[in-house]
Amino acid sequence: MPRMSTDPELTTAQSKYVESLARAGAEVHWVELSDPDAAAAEALTCDGLLLPGGGDMDPAFYGQERISACGEPNLLRDAAEPKLLRAFLAADKPVLGICRGIQLANVALGGTLYQDIDRCIPQPLMHMQKHPQSESIHKVQLAAGSRLSRLLNTEEIYVNSTHHQSVDAPAPGLIVTAKAPDGVIEGLESADGQFVLVQWHPEAQCQSDVRMLRLFEDLVQRAADWLAIRRD
């Protein structure tokens, strides 16, 4: 059973992230983030990495001054998560990023963010829904032939939305594979399949749309494939 690393701050035994990973066949391991270097070393004992949702990153990480609409940064996660991501990048281990996870990965790999969609994008959709995350709020177009499109077996899907920031300039090596009708980037992935990153919360939709579980199953499969290659 592939072992998955994730963040204890957001993942309790009842967490939808943990539940979805477990349903997908993973053994979940929580990583303490207080010492970023130790966290990266501990995370690398795992076979895959889930970067979960959460608060805004410090815009200083992508070379911008913080605007009033940007939330207070989580200094612990901002310091540790890029180190975890780069460690997994170097080890060629698979990563799934969700909501903050897509933003963190994009910044850590050299991209930028919109600090607030309403202030930065003309005529945006509502991306911060008021109703439960299990319900969809807008559609997303998936790039033909992308990993996301193949996993979800469609080029258009309806998703939930609880974010006020989004990817601006994609990082080198990341391909845009999903967009909302207003142009907001909803998915990124790497050509080699190491990174699969989405802006919505599939863990909250696994019951209402069983296709969303495939994102977690894919992470588990990619980790199993990594293990198989190393054993040969």
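Residues numbered from 1 in each chain as written. Predicted model: local features only at pLDDT ≥ 70, side-chain atom pairs only at ≥ 80, totals over all residues. Heavy atoms only, no water.

(A) Highlighting the packing of helix H1 (residues 16-23) against helix H7 (residues 213-231). At a closest axis distance of 8 Å, the pairing of H1 and H7 adopts a crossing angle of 65°. Considering only the axes of H1 and H7, their crossing is right-handed. Packed against H1, whose contacting residues are Ser 20, Leu 21 and Arg 23, the element H7 presents Leu 213, Phe 216 and Leu 219 at the interface. Here the contact of H1 with H7 is composed, by residue class, of four nonpolar, one polar and one charged. (Axes fitted to C-alpha atoms, helices over the stretch in contact; angles between N-to-C directions. Helix = DSSP H or I, 4+ residues; strand = E, 2+ residues; numbered from the N terminus. Left-handed = near helix turned anticlockwise from the far one by under 90°. Contact = heavy atoms within 4.5 Å. Nonpolar A, V, L, I, M, F, W, Y, C, P; charged D, E, K, R; others polar.)

(B) Fine view of helix H3 (residues 75-91). With 17 residues, H3 should reach 24 Å at 1.5 Å per residue; the first-to-last C-alpha distance of 25 Å fits that figure. Buried within H3 are the following residues: Arg 77, Asp 78, Ala 80, Glu 81, Pro 82, Leu 84, Leu 85, Ala 87 and Phe 88. The backbone nitrogen of Leu 76 lies 3.2 Å from a side-chain oxygen of the residue at the head of H3, namely Asn 74. Following H3 by one or two positions, Asp 92 has its phi on the positive side, about 60°. (Expected span 1.5 Å × (residues − 1). Buried < 20%, exposed > 50% of the residue type's maximum accessible area, 1.4 Å probe, protein only. Polar contact = N/O pair within 3.5 Å; in protein donor to acceptor, adjacent residues only side chain to side chain.)

(C) Examining the pattern of salt bridges more closely. According to the stated counting rule, one finds ten salt bridges in the structure shown. Two residues, Glu 19 and Lys 16, come together in a salt bridge whose shortest N-O distance is 4.0 Å. Here Glu 19 and its partner Lys 16 are both found in helix H1, three residues apart, which amounts to about one turn of the helix. Taken together, the salt bridges that share partners define one network made up of Arg 77, Asp 78, Glu 81 and Arg 100. (Salt bridge = Lys/Arg side-chain N within 4 Å of Asp/Glu carboxyl O.)

(D) How the structure looks around the packing of aromatic side chains. Throughout the structure, instances matching the rule amount to zero aromatic pairs. Looking at Lys 93, its charged tip hangs above the ring of Phe 88, at a distance of 5.8 Å from the centre. (Phe/Tyr/Trp six-rings, centres within 6.5 Å; stacked < 30°, edge-to-face > 60°. Lys NZ or Arg CZ within 6 Å of the ring centre and 35° of its normal.)

(E) Up close: unusual backbone geometry. A positive phi angle, near 60°, is found at Asp 92, a position not held by glycine. One can find Asp 92 in the loop between H3 and strand S4 (95-98). Here the phi dihedral of Cys 99 falls at roughly 55°; this positive angle occurs in a residue that is not glycine.

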